[in-house]
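Breakdown of the fold
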Amino acid sequence: MHHRGQWRSHNNRRDPQRCLKVGYVSPDFRHHSCRYFLEPLLAHHDKNVVEVYAYAELVREDAATVRYQGYADHWVPTLGMSDDALSERIRADGIDILVDLAGHTAKNRLAVFARKPAPVSLSWLGFGYTTGLTAVDYLLTDTASVPEGSESLFSETPWRLATPGYAYRPAEGMGQVGTLPALTRGHITFGTLTRAVRINPLTIRVWAEILKQVEGARLVIDSSNFQSAAMQDALAEKFAAHGIARERLAIGYHSPPWDVLRGLDIGLDCFPHNSGTTLFETLYMGAPFVTLAGRPSVGRLGSSILEGVGHPEWIAHTEDDYVEIAVALASDLSKLAALRGGLRHEMESGPLMDEAGFARKVEAAYREMWVKWGGAT
């Protein structure tokens, strides 16, 4: 339904300096991969700068929910509320800035955003691409993910933070990095934890070419999509079409995947749609990864992460570059071992895991958005 004709004006007090009421709308205030990036922000919000409202579309709660409830100044369960009712609740709460954290993922409330219940709205984190709604003012992103000149791909106006556009908090229990596996195995192990939907003829061809050029190398593909023998066989057949024998592939599923990551020497990102959380986890476990900078946003998350950790040299711009970077990394075990010993520290000491610094960046963006709205006539 088209709601623009029903939009109403907002009477929020246009004081550029006052504490802002920020509403976060999400079905994922629970044990969900978003927590690795959302918790760092909410935990470090300056309560003199923002007053946090959490609009929680939850079927069930868990231990992560309890933590989220502690971060919020106001906790509003929304399950069962109609779009009109939730919109009116947001208006009644006097929300200044409304943040969508789901995009087009399950149980989103984008129909509420279509009703424009707050003067400023934006989308961030959960979907990684445009909502397609002109009612949403901004897509919160960074300069690596959405380069200048790509604005036409988004219904929202990209609001670019200095890269990276998030801070990462590792899961508990990941353990230590460990030594470089190739030193004891005698061969390089490449790998990915990505979902099957991101593996396509392009990635298979490129990954097969890497295996051809790196003698004896193995490729690990490990995710929940590959629990069945049928899925494993189907993927192996696609590699066989490129001359890659089954014994060079380890296709399966392990959870938690920390030992799988500990067993990788080099990670391989998917394209044109990059992987997500697993790229952070790969770096955190000491393995560099190679990415291909593709279409803005979902095709440049890997680029954003690598720029954030200070290793843009692992970003490819063509498929041939991708192969060349992977092969070069595999050719120098001493360099790989040194990287493995330092990657976690590079993450922990840099912007990729600077939780408080990221919160300040986001709060500054909110303030600028607010001032821009407040200056409108």
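Structural data are supplied above this passage.
Described in the following lines is the structure provided in the data block.

Topic: the packing of helix H1 (residues 35-44) against helix H13 (residues 355-374)
The contact between H1 and H13 brings their axes to 8 Å, and the two run at 75 degrees. Overall, the two elements H1 and H13 adopt an arrangement that is roughly perpendicular. Residues Pro 40, Leu 41 and His 44 of H1 form the contact with H13, whose own contacting residues are Glu 355, Ala 356, Phe 358, Ala 359, Arg 360, Val 362, Glu 363 and Tyr 366. Looking at the contact of H1 with H13 residue by residue, the classes come out as 7 nonpolar, 1 polar and 3 charged.

A word on unusual backbone geometry
Geometrically, the link from Thr 163 to Pro 164 is a cis peptide bond, its omega value of 5 degrees lying close to zero. Looking at where Pro 164 falls in the secondary structure, it is placed in the loop between strand S7 (157-161) and helix H5 (182-185). Omega for the bond connecting Phe 271 with Pro 272 falls within 30 degrees of zero, at 5 degrees, which places this linkage in the cis form. Considering the arrangement of structural elements, one finds Pro 272 in the loop between strand S11 (266-268) and helix H9 (277-284). For Leu 125, which is not glycine, the phi torsion reads 80 degrees and is therefore positive. Mapping Leu 125 onto the fold places it in the loop between strand S5 (120-123) and strand S6 (138-142).

Here's the deal with the packing of aromatic side chains
Enumeration over the complete set of coordinates arrives at 16 aromatic pairs. Considering the side-chain rings of Phe 37 and Phe 280, the 4.8 Å spacing of their centres and the 55 degrees angle between planes classify their relative orientation as tilted. With a gap of 243 residues between them, Phe 37 in helix H1 and Phe 280 in helix H9 connect regions that are remote in the sequence. Here the two residues Phe 37 and Phe 280 agree in accessibility, since each one is buried. A ring pair is formed by Tyr 68 and Tyr 71, whose centres lie 6.1 Å apart and whose planes are at 85 degrees; its orientation type is edge-to-face. With Tyr 68 and Tyr 71 both in helix H2 (residues 63-71) and 3 residues apart, this pair spans about one turn of that helix. A connected cluster of aromatic rings, assembled from ring pairs, spans Tyr 36, Phe 37, Tyr 166, Tyr 168, Phe 280 and Tyr 284. The ring of Trp 373 is capped by Arg 14, whose NZ or CZ atom sits 3.9 Å from the centre of that ring. For the cation-ring pair, Arg 344 lies above Tyr 284, with the distance from its terminal atom to the ring centre recorded as 3.8 Å.

Quick notes on the packing of helix H6 (residues 201-213) against helix H11 (residues 319-330)
In the contact formed by H6 and H11, the axes pass within 10 Å of each other and the chain directions differ by 35 degrees. You can see that H6 and H11 cross each other, and the crossing is right-handed. Across the interface between the two elements, Leu 202, Arg 205, Val 206, Trp 207, Glu 209, Ile 210 and Gln 213 from H6 touch Glu 319, Tyr 322, Val 323, Ala 326 and Val 327 from H11. Of the residues assigned to the contact of H6 with H11, the class counts are 8 nonpolar, 1 polar and 3 charged.

Criteria and cut-off values
- Residues numbered from 1 in each chain as written.
- Predicted model: local features only at pLDDT ≥ 70, side-chain atom pairs only at ≥ 80, totals over all residues.
- Heavy atoms only, no water.
- Axes fitted to C-alpha atoms, helices over the stretch in contact; angles between N-to-C directions.
- Helix = DSSP H or I, 4+ residues; strand = E, 2+ residues; numbered from the N terminus.
- Parallel < 35°, antiparallel > 145°, perpendicular 65-115°, else oblique.
- Contact = heavy atoms within 4.5 Å.
- Nonpolar A, V, L, I, M, F, W, Y, C, P; charged D, E, K, R; others polar.
- Phe/Tyr/Trp six-rings, centres within 6.5 Å; stacked < 30°, edge-to-face > 60°.
- Buried < 20%, exposed > 50% of the residue type's maximum accessible area, 1.4 Å probe, protein only.
- Lys NZ or Arg CZ within 6 Å of the ring centre and 35° of its normal.
- Left-handed = near helix turned anticlockwise from the far one by under 90°.

No statement about biological role is implied by the geometric values presented.
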